Amino acid sequence: MASIPNLNSLRTGRRGPRLRGGRGGRAIPENDDSSHVEAAEAGRDKVIQQTDNDASSSRLSAVALGYLDDPYAPVFAAQGEQVVRRYPIINRGTYVRTTAIDNLVKRFLQHDPNQRKQIVSLGAGSDTRFWRLWTDAASASFAEVEYHELDFEANVNQKRASTRQSLFISDMTQKAEKGGWRYHLHALDLRNLTNKSPPPIPNLDPELPTLILSECCLCYLPPDTATSVLQYFTMNLKGLLGLALYEPIRPLDAFGKTMVSNLASRGIHLQTLQRYGTLEAQRQRLRLAGFNDGQGVRDVSQMYASETWVSRAERVRVERLEWLDEVEEWQLLASHYCVAWGWRGQGFGEAWQGLEGSRTSSEDRDDGLG
Ligand SMILES: C[S@@+](CC[C@H](N)C(=O)[O-])C[C@H]1O[C@@H](n2cnc3c(N)ncnc32)[C@H](O)[C@@H]1O
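- The name given to the protein in an unreviewed UniProt entry is Leucine carboxyl methyltransferase 1, with Oleoguttula mirabilis as the source organism.
- In the Function (unreviewed entry) part of its UniProt record, the protein is described as follows: "Methylates the carboxyl group of the C-terminal leucine residue of protein phosphatase 2A catalytic subunits to form alpha-leucine ester residues."

See the structure below:
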């Protein structure tokens, strides 16, 4: 399998300046080099932080066209951002990805409804799921929830400012709190969770059944770091534990190669894409990271075609929203993204039962695709 350079090996910031041998064996600090490396690293982080603008503008487009019902999305749009109408295949993809993860989360919340639960959203960016779910929960009386969002400080500061400035959001957050739903926003570089002494995540309760979400987040980390981040949670949380992730797959076919090179031209190297490029590799990855009681994975194209994920009525509704004549392109795009889920503990097995439908082994083989 082709490999890409491990950019993380260039990171020196957390270790302090490297030393190199001077004349006579004297060690001198490599300050000049390390400041360049740090600047390059900060630049790469910034590019990754800004990927949230794409997520936010895709969400706005899908909401404006009626794919998603999300009154909270405009609150977190970048200041002055206009709704840019995305291509129909992008809007449909945003719809499937959002509703698929919602489905996994709601099943988790509905299972054993009197049990207090916890959700940890990695790289949450401008995601609005907390408020959307709370609106549902208020009518469906789901369990009490501790909802944690983690992201880089720059993104968290922006989100915190938006939540404070918007009366609508602060009002909903307060109402949610009265109803037992608490929102926690943490500025944290996830890579620091792999340190020997990781920073604490305030109010994270190790005893609660927990669902971890990574919607296009862990894919920006080197695969080993992504695994270590997951292991931080599998080791520190004691009870039921589940993970739902969404990320691109199949980098090796013609479409995949174009996807990789388009991203590279923007300075984005999706580091897990090569290693976890197939459905089976995603399944195995979850197993090895400690979600070893069960795993499931479907690509977005399979999800859209399955009643388990998108009901017939929803498909009819979605297909009336706008004309999509690039059916082949849709299939291609949608087969290059997947949602994977895995768990430890019986409760998740029950909550997520039957989600893969009638999976055949050939569907998972992905031969020639990834
Ligand atoms: C493509 S955005 C997705 C945002 C959101 N999950 C969504 O789907 O709408 C990726 C997010 O992951 C965050 N992220 C990536 N690497 C991270 C890291 N090492 N620590 C914290 N956040 C990270 C980025 O800052 C960004 O907000």
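On we go from here.
## Observations regarding the sheet that holds strand β4 (residues 145-151)
Then, in step 1: One open sheet accounts for seven strands, arranged β5-β4-β3-β6-β7-β9-β8; its pairing is mixed. Looking along the sheet, the strands with just one partner apiece sit at the ends: β5 (181-187) and β8 (294-299). Within this sheet the neighbouring strands show an average axis-to-axis angle of 15°, counted without direction.
Then, in step 2: As paired elements, strand β7 (residues 241-248) and strand β9 (residues 337-344) share eight bridges and run antiparallel to each other. Across the sheet, the residue bridging to Leu243 is Gly342, located in β9.

## Details of empty space enclosed by the protein
Then, in step 1: Taken as a whole and judged by the stated rule, the model has one cavity of 30 Å³ or more.
Then, in step 2: Around the largest cavity, the lining residues are Ala55, Ser58, Arg59, Thr94, Arg97, Thr98, Asp127, Arg129, Arg132 and Glu215.
Then, in step 3: Elements represented by at least two residues in the lining of the largest cavity include exactly α1 (31-64), α2 (88-110) and α3 (129-140).
Then, in step 4: Here the lining of the largest cavity is composed, by residue class, of one nonpolar, three polar and six charged.

Quick notes on the rules
Residues numbered from 1 in each chain as written. Predicted model: local features only at pLDDT ≥ 70, side-chain atom pairs only at ≥ 80, totals over all residues. Heavy atoms only, no water. UniProt positions renumbered as here; feature names shortened; annotations may be inferred. Pairing = 2+ DSSP bridges. Helix = DSSP H or I, 4+ residues; strand = E, 2+ residues; numbered from the N terminus. Axes fitted to C-alpha atoms, helices over the stretch in contact; angles between N-to-C directions. 1 Å grid on protein atoms, 1.4 Å probe; cavity = no way out; pocket = protein on both sides within 12 Å on 5 of 7 lines; lining within 4 Å. Points joined across faces, edges and corners; volume = space filled by probe spheres on them. Nonpolar A, V, L, I, M, F, W, Y, C, P; charged D, E, K, R; others polar.

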